[in-house]
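In case you want the letters, here they are:
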Amino acid sequence: MTVTQYLADWRPYPYEIAETRLEFDLAPRATRVRSQIDFRRKAAGDLVLDGAGLRTLSLAIDGMPLDLALAQGERLAIPAADLPDAFTFSAEVEIDPEANTALEGLYLSGGMFCTQCEAEGFRHITWYPDRPDVMAPFRVTIRSDQPVLLSNGNPVSQAPGQAVWHDPWPKPAYLFALVAGDLVAVPDSFTTMSGRKVALNVWVRPGDQDRAGYAMESLIRSMKWDEEAYGREYDLDVFNIVAVDDFNMGAMENKGLNIFNSKLVLASAETATDGDYERIEGVIGHEYFHNWTGNRITCRDWFQLCLKEGLTVFRDQQFTSDMRSAAVKRIHDVQTLRARQFREDAGPLAHPPRPDSYQEINNFYTATVYEKGAEVIGMLKRLVGDDGYRQALDLYFDRHDGQACTIEDWIKVFEDATGRNLTQFSRWYTDAGTPRLSLSEDWRDGRLTLNFRQETAPTPGQPEKPPRVIPIALGLIGPNGDEVLPTTVLEMTETEQSFRFDGLGARPVVSLLRGFSAPVTVSREIAADEQALLLAHDTDPYARWQAGHDLALDGLIARAAGGEGGTEFSRAIAGLLDDAEADPAFAALCLALPGEEEIATTIAARGQIPDPDAIHAGREALACDIARAHEPALARLYEAMQTPGPYRPDAEGAARRSLRLACLGLLSRIDSGARAEALFGTAANMTERQGALECLIATGRDDEALASFARDFAENRLVMDKWFMVQPLRAAPERAVTRARDLAARPDFDWKNPNRFRALIGGLSANHAAFHAADGSGYDFTVDWLMRLDPVNPQTTARMCSAFETWTRYDASRQAHARAALGRLATMKGLSRNTSEMVTRILAGGA
């Protein structure tokens, strides 16, 4: 039976834990887990413990056996009247890691024992109060014939066949971790700002150690940055990272023992792209930063998930900005937010950063919680200033260290540190939807009046939204390109609000939402020549990029409607192509046309029905026109952006390669892939080799290159994931579904591995015109595989359902195909709770 959890029903747990002691006797099919938990009563209430999939062998209180019948289904309840004020609960259970294909709790990955306990995986290991507000120190004993035995905290003793670990810092069960396997360490050390030496290890399978060096370098940079930027020092004697092949998520911040999807650890010039390197650095930083924002201070309940995730995403964005280009990083973050979170906000899966109900918490590890949560913190920092932000964070760490907290606790430290009333601002946490910010201008006698209006469309369960606090960062650019007003932050608090600027000699162009100062959409009338002026002269990199992006988007929408468009954008980028001083990474971003999904989203937001085939054709046509118009400049840049010497995954080299591949992507449309074919044969790094391969797939000249790629990397599971992904992603829409079917029939399509499944199915769903094929074949193929995966891995299945969240914006025929496919999934016998919640919400969008 599906049960809905409500924030309003939360109650404190009536017991606290002084210490948790666990003993594991590991065996693939019959692992024994013995637990001893020292409880102390805090308030009246029964002792309620969670458990799932456990074979319970014994239960006891202070050594006195209990009736095993107390364990009913996934709940064990002992009446308060039967318990003293302080007692030790003990249990022995047996679990089957080998059968655990859901990858929650303790499971096997290629013969290695590993765990994933967030959000509610620990209940698959033993009976426990599996909720984030119950925190305790852990002592763990592991017995196994595996050579490496790891858990949280510091090592107490190590001997053949046994290891004991102790984590002195209280933590909730979701942060528990255990790894046992045949692993080798890439070691290093870090000396903290107080002079303590911390042993560091990145653990990988034998043969992978030559690809773990960058992960270690990223960890050391993260530790140093957190000390300098936030004053946060690491608090254990050892920090371990383990690379795991089978993992539902990207990584997990378990205290002192981070477990990572291997694709976010392993990298070399031959096997990883520049994007892979940047993601490794960012995710290593993210999980390390959780040590304070997630571990030392965690969330009181899962409704508060954005407290730890939004803050930590914001911190990892700051880290990457400091390590690389802040301007380019900001634009990338905005692109990610719009592609994932704005889409979520506009559909049936919309929810606030702090939801007030859920059925399956794993379905709320979303872009709204993570990326929008980070944007909310960015707005808060912008409103209180750098000093106010630092004071508030220092107070947060001092006041709440060792606690499980709420959004209210977080807001209160900002109010106490800065003296501001943030009641209205808090609506960003409780209201779903993306505000639409409209701007109209009045110009008269040297005075510019800006009239703003904000409105947020209804979302499920929230038909009306009061106005929010919106920080609007803007500047003014004169007709000659000079900046006449530097960045100024306006604070909008009403539904409609006007701001005046006096003493202007000529009417300026408004550089709006600089730095993307708020996660809103913008509606304004602006001429193409004004957009071109901003692209050429704006001093804010984001606003400059946005001006060009909007020019291109307007042209693409016109083309999708059967007209002409894009010539203004083509003319505007001529100056950028000739600018020898331009940052190559920024230039590459400006050259990139908006994606088909974004075009469809914009058309739908204007009240029209997007046509995926027309959008694809229009985008391809504009790309070809741009390539022909600028072929000499593109060819010159393509040659000039070669990176001399051996490959280095630094920002400068990555910037040059990004511009080179942006040029190649355009040129391949008019040279039939000749340059791409040459580059594929000579590329000495994966960035250029994969980039060339994608161009060849798009042009249809891919047979030899794909065969060569597969021969070279057949034994490298991560590189072959790329091979599976790029084919349906880059293939022409009319060939993509067939290509995906052929790939799914291959014996090396290991569909039970989350990385491989996401590569193929995710690659197809990201090919907009192919997934939304008029005959419904994209929908049917995807649902066929979701139905196959759900009994094996419900969590991955449910997350992949989000491919359908926009189905109601297309024409009636496509909607009918999507509804039929989703209906098959919804009525499947034995459908998991995870997937059932997702598909029910998605179908409700078409009611």
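Residues numbered from 1 in each chain as written. Predicted model: local features only at pLDDT ≥ 70, side-chain atom pairs only at ≥ 80, totals over all residues. Heavy atoms only, no water.

Engineer: How should the overall build of the protein chain be read in this particular structure?
Structural biologist: A tally of helices and strands in the protein chain yields 26 helices and 31 strands. For the protein chain, whose C-alpha radius of gyration is 27 Å, the value lies close to the compact-globule estimate of 29 Å for 847 residues. Taking the principal axes of the C-alpha coordinates as reference, the protein chain spans close to 85 × 65 × 60 Å. Considering only residue pairs separated by 6 or more positions, the protein chain has 71% of its internal contacts joining residues 24 or more positions apart. Per element, the accessible surface of the protein chain, about 31,500 Å² overall, is 49% carbon and sulfur. (Helix = DSSP H or I, 4+ residues; strand = E, 2+ residues; numbered from the N terminus. Rg over C-alpha atoms; globule rule 2.2 N^0.38 Å. Contact = heavy atoms within 4.5 Å. Areas by Shrake-Rupley, 256 points an atom, 1.4 Å probe, with all protein chains shown as cover.)

Engineer: Could you clarify how one ought to interpret the sheet that holds strand 17 (residues 184–191) in this entry?
Structural biologist: Paired through their backbone hydrogen bonds, the strands of a sheet run either parallel or antiparallel. As summarised here, the arrangement of the 5 strands in space is 17-18-19-21-20, forming an open sheet in which the pairing is mixed. Either end of the sheet is taken by a strand with one partner, and the two such strands are strand 17 and strand 20 (251–252). Where strand 19 (residues 238–244) lies against strand 21 (residues 257–261), 5 bridges are found, and the strand directions are parallel. Along strand 21, the bridge assignment pairs Val-242 with Ile-259. Packing against the sheet, helix 1 (residues 213–230) makes contact with strand 17, strand 18 (197–204) and strand 19, and its axis sits at approximately 25° to strand 17. (Pairing = 2+ DSSP bridges. Axes fitted to C-alpha atoms, helices over the stretch in contact; angles between N-to-C directions.)

Engineer: Help me out: how do you make sense of the pattern of salt bridges in this one?
Structural biologist: Opposite charge on two side chains allows them to pair when their charged atoms are near. Applying the stated criterion across every chain, the model contains 77 salt bridges. Where Glu-92 meets Arg-32, a salt bridge forms, and the shortest distance between an N and an O atom there is 3.0 Å. Taken as a pair, Glu-92 in strand 9 (residues 86–95) and Arg-32 in strand 3 (residues 31–41) lie far apart in primary sequence, 60 residues in all. Take Glu-92: its relative accessible area is 17%, and that puts it in the buried class. Residue classification places Arg-32 among the partly exposed residues on the basis of a relative accessible area of 30%. Between Glu-620 and Arg-669 there is a salt bridge, and its shortest N-O distance comes to 3.0 Å. Taken together, the residues Glu-620 in helix 13 (residues 612–629) and Arg-669 in the loop between helix 15 (651–667) and helix 16 (674–682) connect sequence positions 49 residues apart. Note on Glu-620: relative accessible area 26%, which makes it partly exposed. Residue classification places Arg-669 among the partly exposed residues on the basis of a relative accessible area of 29%. Connected through shared salt-bridge partners, Glu-23, Asp-25, Arg-32, Arg-34, Arg-55, Glu-92, Glu-94 and Arg-143 make up one network. (Salt bridge = Lys/Arg side-chain N within 4 Å of Asp/Glu carboxyl O. Buried < 20%, exposed > 50% of the residue type's maximum accessible area, 1.4 Å probe, protein only.)

Engineer: Explain the sheet that holds strand 30 (residues 509–511) to me, please; I cannot follow it from the model alone.
Structural biologist: Ordered in space as 28-27-30, the 3 strands form an open sheet in which the pairing is antiparallel. Each edge of the sheet is formed by a strand with only one pairing partner; in this case those strands are strand 28 (483–492) and strand 30. Across the sheet, the mean angle separating the axes of adjacent strands is 30° when strand polarity is ignored. Across the sheet, helix 8 (residues 528–537) is in contact with strand 27 (470–477) and strand 30; its angle to strand 30 comes to roughly 50°.

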